Amino acid sequence: MLRLPSFQLEEPKSLYAALVLLAEAKGEAMVIAGGTDLLPNLKHGLFAPKLLVSLARIEGFVGIEEEPDGALLVGPMTPLARVAESELVQAKAPALAQAASLVAGPQLRTQGTLGGNVMLDTRCQWYNQTHFWRQSLGYCLKKDGTACHVVQGGKKCVAAASNDTAPALMTLGATLRFERLNEKRELPIKSLWSPDGIWNKRCDKDELLTAIRIPAQDPGHRGAYGKLRTRESIDFPLLGLAARLTLDHEGRVQDAEISGVALAARPSPVRGVADVLRGTLPGTAEFDEAVEAAAQLAYKQLRPLDNVPGSAWYRREMVPVLARRTLQAAAKGEGPVHPL
Amino acid sequence: MRVLQLEINGDAREVAAHDHWTLLEVLRYSLGLVGSKQGCDKGDCGSCTVLFDGKPVLSCLTLAASAVGHQVTTIEGLAPKPTGTLQPVLDPVQVAFNDCGALQCGFCQPGMMLSARALLNTNAEPSREEIHQALSGNLCRCTGYTQIVQAVETAVARIAQGDGASASNDGAAGHSPPDGGVPA
Amino acid sequence: MSARDQHGLAAPHGEFQIIGKPQRKIDGAAKATGSALYTDDLTLPGMLHAKTLRSPHPHARIVSIDTSAAQALPGVHGVITGKDLPTPYGVIPWTPDETALAVDKVRFIGDEVAAVAAVDEDTALRALELIQVEYEVLHSYQDPKEALERDEPTIHQNKRGDNVSKRVKLDFGEVDQAFETSPVVIKGDYSFHGSTHAAIEPHCALAQVDGDGLLTLWSATQITHYVHRALSSVLDLAPHRIRVIQPAIGGAFGGKSDPFSLEFCVAKLAQITGRPVKMLWTREEVFYAHRGRHPMEMQYSLAANEDGKIQGVDARILIDGGSYSSFGLVTTYYSGQLLTGPYDFPTYRFDSTRVFTNKPPCGPKRGHGSVQPRFAFEVQLDELAEKLSIDPIELRRRNSLGPQTKTVNGQRITSCGFDECLLQVEEASDWKNKRQSLGSGKGVGVAGSMYITGTNYPIYPNEMPQAGIQIKVDRSGVVTVFSGANDIGQGSSSMVAYVVAEELGLTLDMLRVVAADTDLCPVDLGAYSSRVTFMVGNAAIDASRKLRKLVVGSLAKHWDVEERRVRLVKGEALDLEDPERHMTMAEAFQIAEVEHDTLGATGSYNTPTLGGDYRGGSIGASPAYSFSAHVVEVEVDEETGRIDVQEVWCAHDCGKALNPILVSGQIEGSVYMGIAEALYEHHQTNRFGLHSGPSLLDYPLATTLDTPEIKSLIVESNDPEGPYGAKEAGEGPLHSAIPALSNAIFDAVGIRLRHLPFTPDVVLRALREKRANDNQAPSPGSDA
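Each chain has its residues counted from 1, running along the sequence as written. For naming, the first written chain is A and the first written ligand is 1, with later ones following in the order written. Local features in a predicted model are, by the rule used here, given only for residues with pLDDT of at least 70; side-chain atom pairs are given and counted only at 80 or more, and totals for whole chains, interfaces and linings are based on all residues. Values shown for side chains rest on all heavy atoms present in the structure; no hydrogens or waters enter the calculation.

A few words on the sheet that holds strand β1 (residues 8-10) of chain A. Residue and element names in this part refer to chain A. Here, strands pair whenever DSSP counts at least two bridges between them. The way it works is that DSSP assigns letters per residue, a run of H or I at least four long becomes a helix, a run of E at least two long becomes a strand, and they are numbered from the N terminus. Strand order in the open sheet made by the three strands is β1-β3-β2, with parallel pairing throughout. The sheet is open, and its two edges are formed by β1 and β2 (29-32), each paired on a single side. Between one strand axis and the next, the sheet turns through 25 degrees on average, direction left out of account. With three bridges joining them, β1 and strand β3 (residues 51-54) adopt parallel strand pairing. Bridging from a neighbouring strand, L9 pairs with L52 of β3. Whether two residues are in contact is decided by their heavy atoms: any pair within 4.5 Å suffices. To define axes, lines are fitted to C-alpha atoms, for helices over the stretch in contact only, and angles between the resulting N-to-C directions are given on a 0 to 180 degree scale. Contacting β1, β2 and β3, helix α1 (residues 15-25) crosses the sheet at an angle of about 165 degrees to β3.

In structure tokens form, the structure reads like this:
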């Protein structure tokens, strides 16, 4: 069988012990959460860590709690299946529940975690392959090589952020808590991303994601997630869009937001969506026209690259369709939009 | 190498394993539990599905060490423990898979049956759509899934009637066919 | 054909006891409990693990190989390269162009170069990294058209000095005249993409050499006999010193019907090291081994009368063979020879050319060689129906060939239930109310097809039986049947048990079947060409009836009654006219053993002389043909191009369903596989000549959620020569699923998809093109 490289595994029971191990390893360690992304990547020879620090046995890392102010605090090791099935998440953060329900297939949602999905490595058809395969084309910019096969002549890796939950969390205004030894910080998820496909996060590799906080949403919050993929199960997104509408007491749109994933290195919000939707009443022609305008904004701004398999042209053509359907689903309290 | 204390199919097992060995390797090559299959190497096919505390996981993407402290069920542990009767007793899921023609090459089916069992553990009356969802991480290349879904539905009906755990294979002709399992 | 080969349709006495009724498989309980042993489940004491070094270049000359560092690595026990196994082989004896490991050239990325046996896989992999290979890179061919036009460099040497693997051009009747005189002519270009079997079990082989030098190979193969012969040749070892065993196998579909590199490598490494050696391929390696569906570019012309009656068919086909011949000689014939039913072609011509390219080698995938032309032709028939405004089912009916006839290319048709297949799908699908009337985006399509039930071409010419059965009887009542057939999940060993139990009046728990072991079982040619039920079933009847005659004769003497009064039924022997007189089969066998000594029987099957009287006329000549018709119902999302296949009805004429559960399983599996390859799968190389995604993530197999409702409808035409009338069911029902899908899409949204696969991007482009042509307003974003 395809072999894992040799490494040492530590399974600390406390956060502190994990932070110590990571600090001691001085960059030679990697963190393993559910392992559903890291282990295939290790089998592909994409990393060769001396040490894996497992988060599986850290106390308090699993769970979904409602804070007094109505915010949700989700432990990073909470399985995606649990996020998807949580009535609390379904009620307060529907886009996140929907996105989590569409990650991979049933077994991988049992194993995969929300923290792991947020911290997912970027993906590319030229990168997520075995060592033999990558060697046969002379490697690529992201790993072991100097050439980009997506953008020929490109100097910047454009491997795709492929985490379904990222755009959902962005539309929910989530913040992420990171820790390393003697250092804590909280970062809005929207500020996490950098445009570098090799490492698309503005955090260091020895920083540990310790919690995902979803602030209390307005009573008029509506959210949905839509996903394009080849099959109805197992596959990573070819395009993922989360939509949020905030309705006022009359039911008119007060605020709105769309974020997309599986485009380029980082998940991307669409600018100007609130402006075109504000004041419209879902269910009216006026709202439908505004949704169409928002979909066209998405079409102009979100440009999938030939990084993940399949036609980039097609993925782009699906941007306005998915945007429209996801916004409409959010307005109706429905979703997920899947299959497209 | 370290010695892992695992609980597999209700048995306490000690096994020496490298940190980079997967649970699938340890099951198949160290413990001789070869019913769990390897089809894709890396989490794409579901053939290596085992239950972790009753929930389906892929043993090819599970480090052996991380199984410590969990109750692992493989296909070898799906049937109830023998009760001393001479007639072998299987899980209703196994019986129904056998009756409905769901076992063609049989290679993906240990994982498939475990996914089906996990579904029935939490949902005694799944709809066809729920069956499709629950089995959507297990690829089968032989059956077109039709007889597999029929088998799960047959198991559900038989459990509801209290007669699912019939003998494994009496070998006799003319056992009662599953509803809908035989075309007109 | 001798008398042994025809046994009639009837049950031994009156009603069938087992045949035709739903039964469990004899290995069902083992598979349900996980105790069935597949090749990689086997472990032998002292076993080594082997891995293969592969070429990173699509086409290169090997300048040098240095294995010394690998040899020196602790834990390594054997390293071999092409010079250790230089004898070429090929499943077709006329085209031996493969070697176990590359001797002087590599021909695709993934071609095997060296193999290492070591104490474990990790050590073997480290050793591979230490092997130094110097390559001289050559121009590589990825486009079959370029391979057809360009001769230098050649991928294989041949007398012509070109890259043509095989060309077959055959004419039947006055084709040109038919086209000149017919009022309707339709011409079109069609193409079929590559797809692969993707059996869930990866290939695996284990070899052991005992103290006397006797070699045993366990392998996930569907052709034990041909592997036996190839091993003997390549290892230069007498065949009686080799035993080949097929353990339980995790799917095959044609993907395990060549001798493969790993089988020779583990055998050689076991010889060298004196220890058992196992090799298990990774999923990636299975994709490189391939042997899947050939991509074909097909030009079809169809001449017809105004009433839709076909007058002539003219085809020109370019076949992309990949890097080796495999079954390619047969593929090239099949691409033309198998199209001549279920419709009457007064005249027919095809000109098929298979070329080599530097890609993983193509071979026989379920519906070998004929799924692609069937797609093109059945779509073209739909175009004819459209042009003449004839209901597509009616058009097919008008052209139906019928039973007891001969095709234009000389194939003998015996039973034919095609008209019944059409009728059944028409009624079950509510066709008449659905066609052209389902409303926006929804439609139905139909197609028909025909497939062989084995062929009288036995790969290597010989007059011996194509299938054999031996039965051994024990005094305990146990009957052991030795069958050479490869049970690849289709249930051939169960089929043998059903037949023998029926004939000898046994219950299934009294039977054991030992299969696919060259030391123990008579020769069977293998699980390919849909030959097993027909040929092995007949051999089983043959053997059983010989044995029954002995037992019944002895009992008649014992009871002093006429033989007609003796019945063997449900595990007992009885006297029909004296209810007091009965005994167990064990007792009956003992009485027969007293008279005849040790009891047993053999049975065989061979095809009659078949086929047209011309070169290649026997290729595709089958003792019986199966027939299928499909109706597919789809809904097309016109905004996204996604196709939702709602339901598929497949009526299949299998002659006689020996076990209807297994026949339904074959139909459903075939429909699934056809629809899935049309919608999701694409086995292809990228601009580097590298497989575009050799994994089950990048090569997406349909899940439960992607598979339509499938309704299988069994049609029984009772073939006069099949066992109880049975024909094949494993491959035929794939064919017409794909053109029926294309035709349904046309009914739904008016686009004619002539090129596979039907991925959403392809469909969307076609929809937009149609809208542009219809002068409708462009949709959002269509300016991109």
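Now, onward.
Looking now at helix α2 (residues 92-99) of chain B. Exposure is judged per residue with a 1.4 Å probe applied to protein chains only, and the accessible area is read against the type maximum: over 50% gives exposed, under 20% gives buried, and values in between give partly exposed. The element α2(B) is extensively covered by neighbouring structure, given that eight of its eight residues are classed as buried. Among the residues of α2(B), B:P92, B:V93, B:Q94, B:V95, B:A96, B:F97, B:N98 and B:D99 are the ones counted as buried. Buried residues belonging to α2(B) abut α3 (109-122) and α5 (146-161) of chain B together with α1 (28-33) and α17 (660-679) of chain C. Whenever two N or O atoms come within 3.5 Å, that pair is a polar contact, provided that in protein one can donate a hydrogen and the other can accept it, and provided that, for residues adjacent in sequence, both atoms are side-chain atoms. Backbone nitrogen of B:V93 and a side-chain oxygen of the N-cap are separated by 2.8 Å at the start of α2(B); the cap is B:D91. At the C-terminal side of α2(B), B:G101 shows a positive phi close to 80 degrees.

Once that is clear, we can look at the packing of aromatic side chains. Stacked, edge-to-face and tilted are the three classes for Phe, Tyr and Trp ring pairs, Trp counted by its six-membered ring, which pair at centre distances within 6.5 Å; planes under 30 degrees apart are stacked, over 60 edge-to-face, the rest tilted. Using the criterion set out here, one finds 24 aromatic pairs over all chains in the structure. With centroids separated by 6.3 Å and ring planes inclined at 15 degrees, the aromatic side chains of C:F172 and C:Y348 adopt a geometry described as stacked. Taken as a pair, C:F172 in strand β7 (residues 164-172) and C:Y348 in strand β15 (residues 348-355) lie far apart in primary sequence, 176 residues in all. The residues C:F172 and C:Y348 share a single accessibility class, namely buried. Aromatic pair C:F345 and C:Y348: ring centres 5.4 Å apart, planes at 70 degrees, arrangement edge-to-face. Taken individually, C:F345 and C:Y348 each receive the classification buried, so the pair is uniform in this respect. Grouping aromatic residues by their ring pairs yields a cluster made of C:F172, C:Y343, C:F345, C:Y348, C:F350, C:F377, C:F418 and C:Y614. Criterion for a charge above a ring: Arg CZ or Lys NZ at most 6 Å from the ring centre, at most 35 degrees from the ring normal. If you follow C:R765 out to its NZ or CZ, it ends over the ring of A:W313, 3.8 Å from the centre.

Okay, the interface of chain C and chain B next. At the junction of the two partners, chain C supplies 63 residues and chain B supplies 57 residues. Buried surface area refers to the total accessible area, computed with a probe of radius 1.4 Å, that the two partners give up upon joining, counted for both partners together. Of all residues in chain C, C:R24, C:I200 and C:T704 bury the most surface against chain B, accounting for 18% of the area lost on that side. A pairing counts as a salt bridge when a side-chain nitrogen of Lys or Arg comes within 4 Å of a carboxyl oxygen of Asp or Glu. Residue C:E681 is joined to B:R141 by a salt bridge in which the shortest nitrogen-to-oxygen separation is 2.8 Å. Scanning the region where chain C abuts chain B turns up 26 residue pairs in polar contact (both at pLDDT 80 or more). The element contributing the most residues to the side of chain C that touches chain B is α17(C), with nine residues. Considering only residue class, the side of chain C that touches chain B consists of 29 nonpolar, 20 polar and 14 charged. Residue classes follow a fixed rule: Ala, Val, Leu, Ile, Met, Phe, Trp, Tyr, Cys and Pro count as nonpolar, while Asp, Glu, Lys and Arg count as charged, and any other residue, Gly among them, counts as polar.

Residue and element names in this part refer to chain B. Domain annotation for chain B reports domain 1 (2-74) and domain 2 (78-178). The start and end points of each domain follow an automatic or database-based domain assignment. For domain 1 and domain 2, the distance between their C-alpha centroids amounts to 22 Å. Counting from both sides, the interface comprises 17 residues of domain 1 and, opposite them, 14 residues of domain 2. Taken together, the two surfaces of domain 1 and domain 2 that pack against each other cover about 1100 Å², and 58% of this comes from carbon and sulfur. Considering only the surface of domain 1 that becomes buried against domain 2, K37, T49 and L51 emerge as the three largest contributors, covering 32% of it. Linking domain 1 to domain 2 there are one salt bridge. One salt bridge connects D11 with K81, and the closest N-O pair in it is separated by 3.4 Å. At the surface where domain 1 touches domain 2, the tally comes to five residue pairs in polar contact (both at pLDDT 80 or more). With three residues, strand β3 (residues 49-52) is the largest single contributor of residues to the side of domain 1 that touches domain 2. In terms of residue class, the side of domain 1 that touches domain 2 is made up of four nonpolar, ten polar and three charged.

Bringing the side chain of C:D111 into the picture now. Residue and element names in this part refer to chain C. Within the element layout of this structure, D111 appears in the loop between β4 (105-106) and β5 (112-118). One buried charged side chain, D111, makes no salt bridge at all; its nearest oppositely charged neighbour is R107, positioned 5.2 Å away. Apart from the residues lying within four places of it in its own chain, the contact partners of D111 are L53, R54, S55, K105, V106 and Y324. His residues and chain termini do not enter the charge count, which takes Lys and Arg as positive and Asp and Glu as negative.

A word on the nonpolar core. Side-chain atoms within 4.5 Å link the members of a nonpolar core, which is a set of buried Ala, Val, Leu, Ile, Met, Phe, Trp, Tyr and Cys residues. The biggest cluster of nonpolar side chains holds 193 residues, and the ones touching the most others in it are C:L741 and C:F758. If we skip the residues at most four places from it in the chain, C:L741 touches C:V632, C:V634, C:I643, C:V645, C:I675, C:A678, C:L679 and C:F758. With 72 residues, the next largest nonpolar core counts A:V103, A:L192, A:C203 and B:A65 among its residues.

Now for the domain arrangement of chain C. All names here are of chain C. Looking at chain C, the domain boundaries give domain 1 (3-36 + 464-605), domain 2 (39-138 + 202-249 + 256-289) and domain 3 (296-457 + 612-773). Placing the centre of domain 2 and that of domain 3 at their C-alpha centroids yields a distance of 36 Å. Contact with domain 2, which involves 19 residues of that partner, is made by 24 residues of domain 3. Both sides of the domain 2 and domain 3 interface together cover about 1900 Å² of buried area, and 64% of this is carbon and sulfur. At the surface where domain 2 touches domain 3, the tally comes to zero salt bridges. Inspection of the region where domain 2 meets domain 3 yields eight residue pairs in polar contact (both at pLDDT 80 or more). Residue composition of the side of domain 2 that touches domain 3, by class: nine nonpolar, three polar and seven charged.

The subject of this paragraph is α1(A). An α-helical turn contains 3.6 residues, so any two residues separated by three or four positions project in the same direction. A:A18, A:L19, A:V20, A:L21, A:L22 and A:A25 are the residues of α1(A) that are buried. Backbone geometry just after α1(A) places A:K26 at a positive phi near 50 degrees.

Each partner contributes residues to the interface: chain A has 36 residues there, and chain C has 45 residues. Among the residues of chain A in contact with chain C, A:F132, A:R231 and A:W313 are the three that bury the most area, contributing 20% of the side total. Between the two partners, chain A and chain C, sit six salt bridges. Connecting chain A to chain C are 15 residue pairs in polar contact (both at pLDDT 80 or more). Mapped onto the side of chain A that touches chain C, the elements with two or more residues apiece are α8 (131-136), α11 (285-301) and α12 (312-332) of chain A. Tallying contributions element by element places α12(A) first for the side of chain A that touches chain C, with seven residues.

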